[in-house]
Number of protein chains: 2
Amino acid sequence: MNEFEIIDHYFKNSTPHRSDVKLGIGDDGAIVRPPKNQWLVVATDTLVSGVHFFPHAPAKAIGHKALAVNLSDLAAMGADPAWATMSLTIPNINESWLNEFSEGFSALAKQYHVNLVGGDLTRGPLSITVHVIGFIPKNGILRRDRAQIGDDIFVSGTLGDAGAALQNIHHAPDFLLQRLNYPSPQIALGKNLRKIAHAVIDISDGLIADLGHILRQSKVGATIEIDQLPLSEALKSLSPTLDATELALTAGDDYELCFTVPPQNTTNKILKKFHCTRIGRIEQQSGLRLKKKDKTPYQLKNKTGFQHFI
Amino acid sequence: MNEFEIIDHYFKNSTPHRSDVKLGIGDDGAIVRPPKNQWLVVATDTLVSGVHFFPHAPAKAIGHKALAVNLSDLAAMGADPAWATMSLTIPNINESWLNEFSEGFSALAKQYHVNLVGGDLTRGPLSITVHVIGFIPKNGILRRDRAQIGDDIFVSGTLGDAGAALQNIHHAPDFLLQRLNYPSPQIALGKNLRKIAHAVIDISDGLIADLGHILRQSKVGATIEIDQLPLSEALKSLSPTLDATELALTAGDDYELCFTVPPQNTTNKILKKFHCTRIGRIEQQSGLRLKKKDKTPYQLKNKTGFQHFI
């Protein structure tokens, strides 16, 4: 198969066809019809073999995750996903790998009605860059830099699961491996937060690192009550072999949302419906404080959040 | 510098700010306002070190080219460039490299009023994926699959220059190196072709390969008159050391446009203004024929066009 045959076979009709796509894969560019009276959110993320995933990770999981991490960015903006492009760089042609990879990507695309409209296939060290475009109403913008003093801090789902799987990739319980390999972008929650939250971010680099972006960009501080951190039963069952609290605070790859909510909205039923947990409060004093149940400070043991270059 | 400082320093305000950008670099996604009554064209291309450029190519040229090859795709769609995102994967932090790379990217972005609105910075083998979005009027769509029997085939500029530089990277004349390192996307020509051309493609993989896409997708054939191929003086001066005709037919990286024009439009002054040359004709008989001045067939010596996987 040459590159054009691969694109035709594995990608051209692998995702839902949307009626707002006027010309999809197969030309120099794709043509799409933007919605009236809405704005567009664009986001892009790259996964590099050996950096973002193990070289021998299941191809289906890589395909899923390449799209999921991007949809997670749209979720954090409260956007409705619409179109995607993918640049796939592979060292050689492995048809069974391509088949599984495409399956993982397509299944998630179907779930969120995302149309893959274009891309690029090149030879080189394995890496995948996906670019997504979604829609938001003009009055529904969610940003990182809008946290206000007195807001409560919430997170969705449970934290540290993916990090626990990473630390013990060969013997992790299935639930944790699933969390690492097949993260669920919080699209529905993101859209519901448009009218509830002040500031939103997705947790890709770890709670402390990502909440840190909210704090710095909003010019506020916060206290986290570490006993409130939502932990899965699977993660707790590995304690004390693994330090669940540390993982919940610092491990990346969970792709849950972290967001701040003004006091009048903290009883909104959406928060319960989407299994969101209050973990702390936005404060005037800059910096991030970690507090135990007995009000004494919690001392962080690890570095805070994944960074590509330090 | 960590990844966020690099993004702030080298990329955040490196390109023109457009008023249709509501939120640029620094959040989970960027927010842009789509134009009314126009459609969007999206395109993406990846450059991998050692595949698309020499590892020691000037960083400024790499930055220029990463955007140029994408703008060239928009040119082939007749689109007006607007927004870009960039995923940059680098093995380590080299500030002078980043500075030059950013300069090359920014200079071209300024020229076409392109706003870099987001991206991703990761550690890994050097590669760059750029994604661009442009606008087209609803009635001005240019596609590959609309060539009609009797159309004349044109190309812009001169062919084979980048290929000649690649074959002789250390001793190529400056003009040819400039053509290889700093290709000019044919945006203005593309927009003018909306009302003149039937089918358009950009020449990235070589004339024969790229015209081949037009022929297959339009279900037609063609004859090229090889003596009509536009050759630069610099390329001709290297003959017979280099086979200029072969390069013009098969070498990639020129980023000129190849397009077909119905007979009634072949005298349009736009074609002369943009230095376009008639090189052949679309025919009913499928396949591509190469003909010499004396009407005898020209026999191709090399393989036809760059393919990543054969």
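Each chain carries its own residue numbering, running from 1 in the written order of its sequence. Here every chain gets a letter starting at A, and every ligand a number starting at 1, in the order they are written. Local features are withheld for residues below a pLDDT of 70 in this predicted model, meaning they are given only at 70 or higher, and side-chain atom pairs are given and counted only at 80 or more; totals for whole chains, interfaces and linings count all residues. Think of the side-chain values as coming from all heavy atoms in the structure, minus any hydrogens and water.

1. A look at the side chain of D27 of chain B
Next up, step 1: Numbering of helices and strands runs from the N terminus, with a helix taken as a DSSP run of H or I at least four residues long and a strand as a DSSP run of E at least two residues long. Structurally, the position occupied by D27 of chain B is in the loop between β1 (21–23) and β2 (30–32).
Next up, step 2: Here's how the labels work: a residue is buried when its accessible area is under 20% of the maximum for its type, exposed when over 50%, partly exposed in between, all with a 1.4 Å probe on protein chains only. With a relative accessible area of 13%, D27 of chain B lands in the buried category.
Next up, step 3: As used in this structure description, the phrase polar contact means that two N or O atoms lie within 3.5 Å; if the pair is within protein, one of them must be able to donate a hydrogen and the other to accept it, and residues adjacent in sequence are counted only when both atoms belong to side chains. Separated by 2.8 Å, the side chain of D27 of chain B and the backbone nitrogen of R144 of chain A make a polar contact.
Next up, step 4: A contact between two residues is defined here by any heavy atoms of the two lying within 4.5 Å. Setting aside its immediate chain neighbours within four residues, D27 of chain B contacts M77, R143 and R144 of chain A.

2. Quick word on the relation of the copies chain A and chain B
Next up, step 1: Each copy superposes on the other: chain A lies on chain B with an RMSD of 0.0 Å after a rotation of 180 degrees and an axial shift of 0.0 Å. One copy is carried onto the other by what is essentially a two-fold rotation axis. Least-squares superposition aligns the copies on the C-alpha atoms of those residues with pLDDT at or above 70 in both.

3. Comments concerning the interface of chain A and chain B
Next up, step 1: In this assembly, 63 residues from chain A lie in contact with 63 residues from chain B.
Next up, step 2: Any Lys or Arg side-chain nitrogen located within 4 Å of an Asp or Glu carboxyl oxygen qualifies as a salt bridge. Remark: the boundary between chain A and chain B carries 4 salt bridges.
Next up, step 3: Here R144 of chain B and D28 of chain A are joined by a salt bridge, their closest N and O atoms 3.4 Å apart.
Next up, step 4: Across the chain A-chain B interface, the total number found is 21 residue pairs in polar contact (both at pLDDT 80 or more).
Next up, step 5: Ranked by the residues each element gives to the side of chain A that touches chain B, the list is headed by strand β3 (residues 38–48) of chain A, at 10 residues.

4. Focus: the sheet that holds strand β10 (residues 257–261) of chain B
Residues and elements named next belong to chain B.
Next up, step 1: Two strands qualify as a pair provided that DSSP identifies no fewer than 2 bridges between them. Pairing is mixed in the open sheet, where 6 strands are placed in the order β8-β10-β7-β11-β9-β12. The sheet terminates laterally at β8 (199–202) and β12 (287–291), the two strands that pair on one side only. On average, each strand axis in the sheet is tilted by 25 degrees relative to the strand beside it, whichever way the strands run.
Next up, step 2: When strand β7 (residues 152–156) meets strand β11 (residues 276–283), the two strands line up antiparallel, connected through 5 bridges. Its bridge partner lying in β11, F154 is registered against R278.
Next up, step 3: Helix α2 (residues 59–76) contacts β8 and β10 of the sheet and is inclined by roughly 175 degrees relative to β8. Between N-to-C directions, angles span 0 to 180 degrees; the directions come from axes that are lines fitted to C-alpha atoms, helices contributing only their stretch in contact.

5. What about a positive patch on the surface?
Next up, step 1: Residues forming no salt bridge and having over 30% relative accessible area are the ones grouped into patches, like charges within 9 Å of each other and nonpolar side chains (Val, Leu, Ile, Met, Phe, Trp, Tyr) within 5 Å. Where accessible areas are quoted, they stem from the Shrake-Rupley method and a 1.4 Å probe; at the residue level, only the protein chains shown are allowed to cover. In this tally, Asp and Glu contribute negative charge and Lys and Arg positive charge; neither His nor the terminal groups of the chain are included. The atom standing in for a charge is NZ when the residue is Lys, CZ when it is Arg, CG when it is Asp and CD when it is Glu. Together, K22, R33 and K36 of chain A together with K138 of chain B line one region of the surface with positive charge.
Next up, step 2: With respect to the helices, strands and loops of the structure, R33 of chain A is situated in the loop between β2 (30–32) and β3.

6. Focus: the sheet that holds strand β5 (residues 115–123) of chain A
Sheet strands pair via backbone hydrogen bonds, and the direction of the pair is either parallel or antiparallel.
Next up, step 1: Read from one edge of the open sheet, 6 strands run β5(A)-β4(A)-β6(A)-β3(A)-β2(B)-β1(B), paired in mixed fashion. Edge positions in the sheet fall to β5 of chain A together with β1 of chain B, since each of these pairs with one other strand and no more. Neighbour-to-neighbour, the strand axes of the sheet open up by a mean angle of 20 degrees, direction not taken into account.
Next up, step 2: With 3 bridges connecting them, β3 of chain A and β2 of chain B associate as antiparallel partners. Within β2 of chain B, the residue paired with V42 of chain A across the bridge is A30 of chain B.

7. Focus: the nonpolar core
All names here are of chain B.
Next up, step 1: Only buried Ala, Val, Leu, Ile, Met, Phe, Trp, Tyr and Cys residues count toward a nonpolar core, and they belong to the same one when joined by side-chain atoms within 4.5 Å. Counting 60 residues, the largest nonpolar core has F11, L88, L193 and F259 as the members making the most contacts within it.
Next up, step 2: Mapping this core onto the domain boundaries places at least three of its residues in each of domain 1 (3–137) and domain 2 (152–291).
Next up, step 3: Once residues lying within four places of it in the same chain are set aside, the contact partners of F11 are I6, I25, M86, L88, L98, F101, S102 and L116. Annotation comment: domain bounds sourced from an automatic or database domain assignment.

8. Some words on the environment of A164 of chain B
Residues and elements named next belong to chain B.
Next up, step 1: Assignment of secondary structure puts A164 in helix α4 (residues 161–167).
Next up, step 2: Take A164: its relative accessible area is 1%, and that puts it in the buried class.
Next up, step 3: A sequence separation of 84 residues divides A164 from A248, and the C-alpha atoms of the two residues are 9.1 Å apart.
Next up, step 4: Aside from chain neighbours lying at most four places away, what touches A164 is L176, L235, L242 and L247.

9. So, the packing of helix α2 (residues 59–76) of chain A against helix α3 (residues 95–111) of chain A
Residues and elements named next belong to chain A.
Next up, step 1: One can describe the packing of α2 onto α3 by two numbers: an axis separation of 6 Å at closest approach and a directional angle of 35 degrees. For the element pair α2 and α3, the recorded crossing hand is right-handed. In contact with A59, K60, I62, G63, H64, L67, A68 and L71 of α2, α3 contributes W97, E100, F101, E103, G104, F105, L108 and A109. For any helix crossing, the convention is left-handed if the near helix is rotated counterclockwise from the far helix by under a right angle, and right-handed if that rotation is clockwise.

10. Overview of the state of the cysteines
Residue and element names in this part refer to chain A.
Next up, step 1: Disulfides are defined as pairs of cysteine sulfur atoms found within 2.5 Å of each other. Applying the stated criterion across every chain yields a total of 0 disulfides over all chains.
Next up, step 2: No disulfide involves C276; its nearest neighbouring cysteine sulfur is the one of C258, lying 11 Å away.
Next up, step 3: Judged by relative accessible area, which is 13%, C276 ranks as buried.

11. Here's the deal with the domain arrangement of chain A
All names here are of chain A.
Next up, step 1: According to the domain assignment, chain A consists of domain 1 (3–137) and domain 2 (152–291).
Next up, step 2: Taking only C-alpha atoms into account, the centre of domain 1 sits 26 Å from that of domain 2.
Next up, step 3: The partner domain 2 presents 18 residues to the 23 residues of domain 1 that form the contact.
Next up, step 4: When domain 1 packs against domain 2, the two sides together hide about 1,700 Å² of surface, and 61% of this comes from carbon and sulfur.
Next up, step 5: Inspection of the region where domain 1 meets domain 2 yields 2 salt bridges.
Next up, step 6: Note that D80 is salt-bridged to K191, the shortest N-O span being 2.7 Å.
Next up, step 7: Taken together, the connections running from domain 1 to domain 2 amount to 8 residue pairs in polar contact (both at pLDDT 80 or more).
Next up, step 8: Elements that contribute at least two residues to the side of domain 1 that touches domain 2 include exactly α2, β4 (80–90) and β6 (127–137).
Next up, step 9: Grouping the constituent residues of the side of domain 1 that touches domain 2 by class yields 16 nonpolar, 3 polar and 4 charged. A 1.4 Å probe defines the accessible area here, and the buried area is the portion of it lost by two parts on being joined, summed over both. Each residue is assigned to one class: nonpolar for Ala, Val, Leu, Ile, Met, Phe, Trp, Tyr, Cys and Pro, charged for Asp, Glu, Lys and Arg, and polar for all the others, Gly among them.

12. Brief notes about the side chain of R179 of chain A
Residues and elements named next belong to chain A.
Next up, step 1: Here R179 lies in helix α5 (residues 174–181).
Next up, step 2: Residue R179 is classed as buried on the basis of its relative accessible area of 16%.
Next up, step 3: A distance of 2.9 Å separates a polar atom in the side chain of R179 from a polar atom in the side chain of D161.
Next up, step 4: Filtering out sequence-adjacent residues up to four positions away, R179 remains in contact with T158, D161, A162, D253, D254 and E256.

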